[in-house]
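# Survey of secondary and tertiary structure
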Amino acid sequence: MNKRATPSFLFLVVLIKTLIRTKHMLGWMFLLSFTKTYAFEIEGVVQFNYVKSDELPAWFEQDTGILVYSESSVNLQQGLVKVSDSFTNGLSYSLVGNVYQLGSQNIGVSQAQVAFKPLSKDKIRWRARAGFFYPKMSLENVDTGWLSPFTYTQSAINSWVGEELRTAGLELTLYSPGRSRNSAFSWELHGSVYKGNDTLGTVISWRGFAMHDRQSLNNDKVPFAAYPSVVQEDRIFHPDYVEPFHELDGRFGFYLGAHLDYYRQSSFRYYYYDNQANPNVVNYERLYAWRTKFHSIALQHKFNKNTRLITQWMTGSSIMGKRFVYIDFDAWYLMLSHKYESHRFSARFDLFEVNEDDIFPWDPNNSDGEALTLAWRYDLNMHWQVGLEQHFNQNSADIRVTLGQNVSIDQQQSLAVLQYRW
């Protein structure tokens, strides 16, 4: 629940230190919060879990399993604070700071933006935003801080988006509410130019898709296994991690999007994303730019106020070097979610694959998988929630052979989650 609050000195100190670590790109946005009184909106979510794991090694520990937990344990799953405010002239800002138990960077910023939405009664209107943010492709990740209100383990598509994709740039939107035209249909057109996403495609090329809910932070590192074909000097000679929000070649990327809504019952979203990276550029850390482009289509239909069906399909390609790595990738999911009083039940099926067509036979990058996720979430009151989730997947990755592992594995994971929201 939102509440109006004046931040404590402790909160300000932590947030300022975090912004300093994220360097100058985000600092100027934070300063906008002081252009009026200190009163603004603060939202927060904290999740603790007990996970019963299948004890298979996890990609987040630089191994090859596609889940993040490798042993049964109690964990801080999510910790986030969203600070935002709106001004009478149509200007607003928001900033999301996250705390994670997992990862090399445990505290940082996952989103920060300034938006302008002028007041208008025109049938066609406009708004804009600038900063570090997600394109609005997902109909799954619609909760505070780009979380999912349906499951704790997100789809393969949006797990990857949370790992490697963020827009550091400007987005312009034209939109037309249906009520302004006495129409059942509302629409939006989005266009963006950005920099800083040149390494997009690294982890799904070598590791393949994974499934979790951790979002990479600005200046974060995403690890993967030290595959000999990747890290050895006489092979590709790339580190066993990627820093996903780097600008390497000076080029602008872009995306285009279209939304169509029928009342509040049905929604359609299409996006075309192209980072325009030069795949032959490499930096001092030996991180390459990857030319990555894809189409995304998301659909939602609400059968009534309690039951909805959501699906998303993504298809695209990525190339690095002189076709050192080239992949085509496809992923989709179908989710049914039903709310009964304070209970929400959700079931999602995922299917995903990566197919290579490059020049190095000793670097095999085909991978695929399917997964079933079943979740129950129960709101005890406006602040507290408990939930259970059972996840199963079957996945394969040819590159595991280079580590002497089985190509195919079956994984499962049980989660019990306690959440506090304010």
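The structure contained in this document is the topic of the report that follows. Positions within a chain are numbered from 1, following the residues in the order the chain's sequence is written. pLDDT decides what is reported in this predicted model: residues at 70 or higher carry local features, side-chain atom pairs at 80 or more are listed and counted, and totals for whole chains, interfaces and linings draw on all residues regardless. Heavy atoms throughout the structure, all of them, feed into the side-chain values; hydrogens and water do not.

Another aspect to go through is the pairing of strand S19 (residues 408-421). Side-chain alternation along S19 places Ile409, Gln411, Gln413, Leu415, Val417, Gln419 and Arg421 on a buried face and Ser408, Asp410, Gln412, Ser414, Ala416, Leu418 and Tyr420 on a face that remains uncovered. When DSSP finds two or more bridges between two strands, those strands count as paired. Here a helix means four or more residues in a row that DSSP labels H or I, a strand means two or more in a row labelled E, and each is numbered from the N terminus. In the sheet, strand S2 (residues 40-53) pairs with S19 via nine bridges, with the strands oriented antiparallel. Of the residues in S19, the one forming a bridge with Val51 is Leu415. In terms of strand pairing, strand S18 (residues 384-397) meets S19 through 13 bridges, oriented antiparallel. The residue of S19 that forms the bridge with Gln394 is Asp410. Exposed residues in this analysis have more than 50% of their type's maximum accessible area, buried residues have under 20%, and partly exposed residues fall in between, with area computed by a 1.4 Å probe over protein chains only.

Judged by how many residues are buried, helix H3 (residues 156-164) sits mostly within the fold: nine of nine residues are covered. By the burial criterion, the buried members of H3 are Ala156, Ile157, Asn158, Ser159, Trp160, Val161, Gly162, Glu163 and Glu164.

Take the pattern of salt bridges next. A side-chain nitrogen of Lys or Arg and a carboxyl oxygen of Asp or Glu constitute a salt bridge if their distance falls within 4 Å. Under the criterion given, the structure shown has nine salt bridges. Where Arg127 meets Glu188, a salt bridge forms, and the shortest distance between an N and an O atom there is 3.2 Å. Taken together, the residues Arg127 in strand S6 (residues 125-133) and Glu188 in strand S8 (residues 185-195) connect sequence positions 61 residues apart. Among the residues examined, Arg127 registers a relative accessible area of 15% and is labelled buried. The partner of Arg421 in a salt bridge is Asp143, with the nearest N and O atoms 2.7 Å apart. On the criterion of sequence distance, the pair formed by Arg421 in strand S19 and Asp143 in the loop between S6 and H3 is long-range, its members being 278 residues apart. Relative accessible area serves as the criterion here: at 17%, Arg421 is assigned to the buried category.

What follows covers a positive patch on the surface. A contiguous patch of positive charge on the surface is contributed by Lys117, Lys136, Arg179 and Arg264. Following the sequence through the fold, Lys136 ends up in the loop between S6 and H3. Among the residues examined, Lys136 registers a relative accessible area of 34% and is labelled partly exposed. Distance thresholds for patches are 9 Å for like charges and 5 Å for nonpolar side chains (Val, Leu, Ile, Met, Phe, Trp, Tyr), applied to residues having over 30% relative accessible area and no salt bridge. Computed by Shrake-Rupley with a 1.4 Å probe, the accessible areas treat only the displayed protein chains as cover when residues are assessed. Positive charges are assigned to Lys and Arg, negative charges to Asp and Glu, while His and the chain termini are left out of the count. Taken as the charge centre is NZ of Lys, CZ of Arg, CG of Asp or CD of Glu, depending on the residue.

Bringing the nonpolar core into the picture now. Within soluble globular proteins, side chains that are nonpolar tend to cluster in buried spots. One finds Trp160, Trp206, Phe209, Phe294 and Phe329 to be the most contacted residues of the largest nonpolar core, which totals 57 residues. Secondary structure elements with two or more residues in this core: H3, helix H4 (202-206), strand S12 (266-274), strand S13 (290-302), strand S14 (307-320), strand S15 (325-340), strand S16 (343-356) and S19. Membership of the second largest hydrophobic core comes to eight residues, among which are Ile42, Val83, Phe87 and Trp422. The term nonpolar core refers to a set of buried residues drawn from Ala, Val, Leu, Ile, Met, Phe, Trp, Tyr and Cys, joined through side-chain atoms within 4.5 Å.

Alignment of strand S17 (residues 367-379) against S18, held across 13 bridges, turns out to be antiparallel. Looking at S18, one finds that Trp376 is bridged to Leu388. Hairpin connection, S17 to S18: the antiparallel pair is bridged by four residues.

Time to look at unusual backbone geometry. Phi is positive for Glu55, close to 65°, though the residue is something other than glycine. Mapped onto the elements, Glu55 comes out in the loop between S2 and strand S3 (73-86). For Arg286, which is not glycine, the phi torsion reads 70° and is therefore positive. The partly exposed category is assigned to Arg286, whose relative accessible area is 27%.

Before going further, it helps to examine the packing of aromatic side chains. Two aromatic rings from Phe, Tyr or Trp, using only the six-membered ring of Trp, form a pair when their centres are within 6.5 Å; if the ring planes differ by under 30 degrees the pair is stacked, by over 60 it is edge-to-face, and anything between is tilted. All told, the structure shown has 28 aromatic pairs when counted by the stated rule. With 5.9 Å between their ring centres and 65° between their planes, Trp160 and Phe294 make a pair best called edge-to-face. On the criterion of sequence distance, the pair formed by Trp160 in helix H3 and Phe294 in strand S13 is long-range, its members being 134 residues apart. When its relative accessible area of 0% is taken as the criterion, Trp160 is described as buried. Classification of Phe294 by relative accessible area gives buried; the value is 0%. With 5.8 Å between their ring centres and 45° between their planes, Trp206 and Phe224 make a pair best called tilted. You can see Trp206 sitting in helix H4 and its partner Phe224 sitting in the loop between strand S9 (222-223) and helix H5 (228-231), a full 18 residues away along the chain. Phe224 carries the same exposure label as Trp206, and that label is buried. In this arrangement the basic side chain of Arg286 is found over the ring face of Phe237, its NZ or CZ atom lying 3.8 Å from the centre. A positively charged side chain is recorded as over a ring if its NZ (Lys) or CZ (Arg) lies within 6 Å of the ring centre. The angle to the ring normal must also be within 35 degrees. Positioned over the ring face of Tyr326 is Arg323, at 4.1 Å from the centre of the ring.

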